[in-house]
Amino acid sequence: MPQLSGAHAVITGGSSGIGLATAHAFVRRGATVSLMARGSERLEAAAAQLRQEGATVATAAVDVSDADAVRAAVKEVTAAQGPCDVLVASAGQARPGRFLELDDAIFRDMVEVDYFGVYQAIRAVVPSMVERRRGSIVAISSAAALVGIYGYSAYGPAKFAVRGLMESLRGELKPHGVHVGCVFPPDVDTPQLVEENQWKPAETAAISGTIKPIHPDRVALAIARGIERNKFAVYPDAGTAAIARLIPLAGSLWRRFEDSRIRSVTRK
Ligand SMILES: NC(=O)c1ccc[n+]([C@@H]2O[C@H](COP(=O)([O-])OP(=O)(O)OC[C@H]3O[C@@H](n4cnc5c(N)ncnc54)[C@H](OP(=O)(O)O)[C@@H]3O)[C@@H](O)[C@H]2O)c1
């Protein structure tokens, strides 16, 4: 069973939101952490917070959509802090909007950052995990990867792709001693949610607004437990877990619910 105590965890998107909360949760369990994100200032502020808790922290400013830069960043932090035992790929972005109103560039950008950003981080750490026959890789997908949702035609497919990658890797890496997990958060109270709320069509808000955003610490705790318990699917809240169980059985019920929420907005 993967242990966090004494592990070196690399966390992309570790300077904010779910990634930063996860870094705190891991440090409390005795892990050493390396944080990656683009902005150096937020990275250094996050590292300073964690060091105050007694953590050993490395940082690397990197855009996860740049494969060479991600490889170089992983090389740098593993040279400093030892091989990567745990990867949490949390770096990501969300841009909701109606299909007809979104530019092509947004569809590509979602895939570049949300899918290839995860893929590239995994590529950079997995060979050494397989060689050492140990490790854990966890990607943050989304509840929007369990069911298609109005307004998420650019974001949702990138998160479905993350889910597909992790489902394929689960069976492939298990015989090599590497745990694979995939996290499906609902709305989480982070800077990303504030940013995406500016763009959310009223119909999307009417659907997702039925569930109150959860605190990032709750997601972080679910991630830590998911790793310790060797779980594949990590649902940080009961509502998303129920959706995951029901959708395959009751997809038509979901579509009726979604249509009624959309009608409630268009009628106004
Ligand atoms: N919040 C939600 O409601 C929610 C729900 C479901 C899933 N998620 C997913 O959870 C993950 C974390 O989101 P969050 O809510 O914690 O967001 P957040 O607070 O905005 O944090 C995003 C992190 O990713 C980094 N990042 C963004 N683009 C990057 C890039 N191209 N290269 C490297 N780092 C990048 C950001 O730093 P820089 O900007 O400095 O690079 C930041 O550290 C995302 O994958 C998101 O899609 C979030």
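Everything below is about the structure printed above this text.
Note that the structure is predicted; figures quoted are calculated from it, not measured.

**Student:** Is there a simple way to think about a negative patch on the surface in this case?
**Tutor:** A contiguous patch of negative charge on the surface is contributed by Asp63, Asp66, Asp109 and Glu112. Among the residues examined, Asp63 registers a relative accessible area of 32% and is labelled partly exposed.

**Student:** Explanation requested: the pairing of strand β3 (residues 57-61) in the structure shown.
**Tutor:** In the case of a regular strand, side chains alternate between the two sheet surfaces. Counting buried positions along β3 gives four out of five residues, so the element sits mostly inside the fold. Here five bridges tie strand β2 (residues 32-37) to β3, and the two strands are oriented parallel to one another. Note on β3: the bridge partner recorded for Leu35 is Thr59.

**Student:** Help me out: how do you make sense of the packing of aromatic side chains in this one?
**Tutor:** Aromatic ring pairs are defined here through the distance separating the ring centres and the angle between the ring planes. This model, assessed by the stated rule, comprises six aromatic pairs. Between the aromatic rings of Phe99 and Phe107, the centroid separation amounts to 5.6 Å while the plane-to-plane angle is 80°, which identifies the pairing as edge-to-face. For the cation-ring pair, Arg95 lies above Trp199, with the distance from its terminal atom to the ring centre recorded as 3.5 Å.

**Student:** Which parts of the structure should I look at to understand the environment of Gly6?
**Tutor:** Looking at the secondary structure, you find Gly6 in the segment before β1 (8-12). The exposure class of Gly6 is exposed, given its relative accessible area of 59%. With residues up to four places along the chain from it excluded, the contact list for Gly6 reads Gly30, Ala31 and Asp85.

**Student:** In this structure, what is going on with the environment of Val125? I would like to understand it.
**Tutor:** Note on placement: Val125 falls in helix α4 (residues 104-132). Judged by its relative accessible area of 2%, Val125 falls in the buried class. When the C-alpha atoms of Val125 and Ala58 are compared, they prove to be 16 Å apart, with 67 residues separating the residues in sequence. Excluding residues within four positions of it along the chain, Val125 makes contact with Val74, Cys84, Leu87 and Ile137.

About the criteria used
Residues numbered from 1 in each chain as written. Predicted model: local features only at pLDDT ≥ 70, side-chain atom pairs only at ≥ 80, totals over all residues. Heavy atoms only, no water. Patch = residues over 30% accessible without salt bridge, like charges linked within 9 Å, V, L, I, M, F, W, Y side chains within 5 Å. Areas by Shrake-Rupley, 256 points an atom, 1.4 Å probe, with all protein chains shown as cover. Salt bridge = Lys/Arg side-chain N within 4 Å of Asp/Glu carboxyl O. Lys, Arg positive; Asp, Glu negative; His and termini not counted. Charge placed at Lys NZ, Arg CZ, Asp CG, Glu CD. Buried < 20%, exposed > 50% of the residue type's maximum accessible area, 1.4 Å probe, protein only. Helix = DSSP H or I, 4+ residues; strand = E, 2+ residues; numbered from the N terminus. Pairing = 2+ DSSP bridges. Phe/Tyr/Trp six-rings, centres within 6.5 Å; stacked < 30°, edge-to-face > 60°. Lys NZ or Arg CZ within 6 Å of the ring centre and 35° of its normal. Contact = heavy atoms within 4.5 Å.

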